[in-house]
Each structure stands twice: as structure tokens, then as C-alpha cells.
Amino acid sequence: MSERRYDPQLSAVGDAPAPSSEPVTQRIEGHAALVGDGMPINRVLPSRLRRLVGPWCFLDHIGPAMIDNVGPLRVAPHPHIGLQTVTWLTAGEILHRDSLGSLQMIRPGQLNVMTSGRAISHSEESPGAAAGEIHGVQFWTVLPESARFMEPMFDHYPVLPTIARDQLSITVISGEYGGERSPARHFWPIVGLEISAGVVDTQLSLDPAFEHALLVIDGTANIDGEALLPNVMLYLGAGRSRIQLACDAGCRIILIGGKPFEEEVLMWWNFVGRTREELTRACVEWNAGQGGFGDVKGYDGSRLIAPMPPWASAPG
Ligand code: MN
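None of these values were measured; they are calculated from a predicted model. (Residues numbered from 1 in each chain as written. Predicted model: local features only at pLDDT ≥ 70, side-chain atom pairs only at ≥ 80, totals over all residues. Heavy atoms only, no water.)

### Re the overall build of the protein
The secondary structure content of the protein amounts to 2 helices and 26 strands. Taking 20 Å as the expected radius of gyration for a compact globule of 316 residues, we find that the protein reaches 19 Å, a close match to that expectation. If you line up the protein on its principal axes, its C-alpha atoms span 60 × 45 × 40 Å. When burial is assessed residue by residue, the protein has 55% of its 316 residues classed as buried. For the protein, the share of sequence-separated contacts (at least 6 apart) that also reach a separation of at least 24 residues comes to 73%. Split by element, the accessible area of the protein, about 13100 Å² in all, is 50% carbon and sulfur. (Helix = DSSP H or I, 4+ residues; strand = E, 2+ residues; numbered from the N terminus. Rg over C-alpha atoms; globule rule 2.2 N^0.38 Å. Buried < 20%, exposed > 50% of the residue type's maximum accessible area, 1.4 Å probe, protein only. Contact = heavy atoms within 4.5 Å. Areas by Shrake-Rupley, 256 points an atom, 1.4 Å probe, with all protein chains shown as cover.)

Next comes the structure, spelled out in C-alpha cells:
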């Protein structure tokens, strides 16, 4: 079976276009890949065309896939620094374990937010005897300088606020929208919504101070005249106070946005930092069992090894 895995690449925010302070429409195609033991995903961020949308720096659209066909999700223990992972499912279940001792099942409609701060490690897997569909998204958000060395935390939010109007049901995953506020912990001005729609043609209001992007994960939609299929993200820039949204039946859209992130950011593998040296050190320390990443208990398998970045020359 041929697998299209990602060769790790340095993602440098400075290499991509700067946030647009004015409305634009930029289409960014995701790339199909496999994560863990072979779960199909579509990676939308980071892209050479766009590294960040507000503080959102990573977006994997997981599935949709049938576990009977692709096997269970199995992502072995691995480390993170400098970010939050934000996990949201529309079908299936994922069991999260981390080095804080958290053991948490996530189901559709619930949110897991793991704040790595200075260092954490975790694993993600389908629960035993899992079957049926798995479908969802996993994002990362960059922690700003003021928060990136904080102690790690894990939060599970069993219920999120929703807004129902017209043929829309809007779940506020992150930040605030339409007078509803997500309980999820964040450290930079942010918004994240899941919009499920029936057949509808309506307006959505936006905060013009935020840049935004939309990703269809089910069905088809038309945003301000741009027809969208799943796995093509539409980046909108900032400076918009509304968009026109038309959906077909059974459409599901993820909207992300936030205040344009002001710090230079480098990403390598599962690490988000500011310098190459910092990323190298994280790889060395994780592989040596040092660096305060802790241990994930209970995962049936060995932990992942960090790929050394190309700029890290061997000693001697
Ligand atoms: Mn992870």
C-alpha cells in the first residue's frame, strides 16, 4: 500500500504572504496525507500560500473515513511545544492520553484543547472495538510569547454554545460569536466556528479586525460568489464585516479567524517556536527522554522519534 506521508518541512511564517488587512479571496488547496498508522487526512495549514490565519497555524481535516476500511486511528506518544491542539469531531470517537495523566474520550459536539506551554506529550487513538465513520478536524494555535512557556494544561469541554437561525446551526468552538462565548481557553484574540447548514442563502457577520478563512468539510457552499468543495480553504483577509453564504443541504463549514498574529513563528514537526536552535533542542531533548515532556501512560506501542531538522549538523 502506498502511503503519502509528509516529509517534515520547516514552516516559517515569514516565507508566506503577510496577513491581508483588506478583503481578499485566496483559495488554498489542502494536501491528502496519512497520519499515525494510516488515517487519511487533508492538511490545509500550514501551506506555502498561507502559514497563519490569526493564531491558527495548523489544520488537518481528518477523514471522513470508515474505520473498517482504513483501520483505527493510532497516533503514538509525541511531544509539542509552543501551541494548543484543538480537536473537534463530527463523527466517531478519539481517546486522548497525555503526560499530565489525562485520559479523555472525545465525541462529536465536544472539544479537546491541549495547551502544551513549555512541553507536553500525548497520544490519540480510536477506542478499542471502534467501527464506523471517523470525521473531524484537528487544529493548532500558536501560543504568544507571553504564554508559550507556561505550564501545560489539558481541557475537555463537553458542551459548547450553539446559535440556531434560518437554516444554520453555528457552534462556537473558540472565541465569541453572535453573543455566545466558547468556554475554551485561548491566549490570542480568536474565533472558530462550525457552521452546519441546510439549503440557505444568508449573510454572516464577521469582526473586521480579524482575518478569516473558511473550509467546507461536508457538502458544497458558495462564499461571496466563490464555489467551495471540501478541502479547499478560502482565505478572506481582514476588513470584512459580513460574507454572503449559500449552502446546499447537509453542508458543514469550519470558519477560523483571529487578530493577525504579530510574532515570527517557526514550525518543525510537532514543535512551534521562534528560532531554529529552539526547534533543534526540542528534537534532541525529546529523543533523549529529556526536556520535561513527561511520559504518556497506557498507550499500546512505542513513542514517535523526532526527525532531526536539516540545519542541525551532527556533533563532531
Ligand atoms: Mn499531537
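Right, picking up where we left off after that structure.
### Here we look at the pattern of salt bridges
What the rule picks out here adds up to 17 salt bridges. As a salt-bridge pair, Arg-148 and Glu-278 come within 2.5 Å of each other at their nearest N and O atoms. With Arg-148 in the loop between strand S12 (133-142) and strand S13 (153-157) and Glu-278 in helix H2 (residues 276-287), this residue pair connects regions lying 130 residues apart in the sequence. Taking relative accessible area as the criterion, Arg-148 reaches 7% and is therefore assigned buried. Its relative accessible area of 10% is what places Glu-278 among the buried residues. Close ionic contact of Glu-263 with Arg-274 constitutes a salt bridge, the shortest N to O distance being 2.7 Å. On the criterion of sequence distance, the pair formed by Glu-263 in the loop between strand S24 (251-258) and strand S25 (266-268) and Arg-274 in the loop between strand S26 (271-273) and H2 is long-range, its members being 11 residues apart. Accessibility expressed as a relative area gives 22% for Glu-263, which makes it partly exposed. (Salt bridge = Lys/Arg side-chain N within 4 Å of Asp/Glu carboxyl O.)

### Comments concerning the pairing of S12
Most of S12 is tucked away: 9 of the 10 residues are buried. For strand S7 (residues 83-91) and S12, the ladder comprises 8 bridges, and the chain directions are antiparallel. Counterpart to Val-86 in the pairing with S12 is Phe-139. (Pairing = 2+ DSSP bridges.)

### Points about the nonpolar core
Burial of nonpolar side chains together is a common tendency in soluble globular proteins. Ile-195, Leu-245 and Ile-253 are the most contacted members of the largest nonpolar core, which totals 27 residues. Of all hydrophobic cores here, the second largest spans 24 residues; its members include Ile-28, Leu-45, Val-53 and Val-137. (Core = buried A, V, L, I, M, F, W, Y, C linked by side-chain atoms within 4.5 Å.)

### Some points on the side chain of Gln-84
Structurally, the position occupied by Gln-84 is in strand S7. Only 2.9 Å separates the side chain of Gln-84 from the side chain of Thr-115, close enough to count as a polar contact. A distance of 2.9 Å separates the side chain of Gln-84 from the side chain of His-186, its partner in a polar contact. The contacts of Gln-84, once residues within four sequence positions are left out, are Val-113, Met-114, Thr-115, Phe-139, Trp-140, Thr-141, Leu-143, Arg-185, His-186 and Phe-187. (Polar contact = N/O pair within 3.5 Å; in protein donor to acceptor, adjacent residues only side chain to side chain.)

### Digging into the coordination of the manganese ion
Six octahedral donors around a metal ideally subtend angles of 90 or 180 degrees, whereas four tetrahedral donors ideally subtend 109.5 degrees. Every protein donor of the manganese ion is accounted for by His-78 (NE2), His-80 (NE2) and His-122 (NE2), and the metal-donor separations fall at 2.1 to 2.2 Å. The sequence pattern describing where the donors of the manganese ion fall on their chain is H-x1-H-x41-H. Of this pair, His-80 sits in strand S6 (residues 74-80) while His-122 sits in strand S11 (residues 120-125); the two residues are 42 residues apart in sequence, bridging distant segments of the chain. Note on accessibility: His-80 and His-122 belong to one class, buried. (Donors = N, O, S within 2.8 Å, 3.2 Å for Na, K, Ca; no water.)

### Section: the sheet that holds strand S21 (residues 226-228)
With antiparallel pairing, the 4 strands of this open sheet are ordered in space as S18-S23-S20-S21. Edge positions in the sheet fall to strand S18 (200-205) and S21, since each of these pairs with one other strand and no more. For this sheet, the mean angle separating the axes of adjacent strands, direction not counted, is 25°. (Axes fitted to C-alpha atoms, helices over the stretch in contact; angles between N-to-C directions.)

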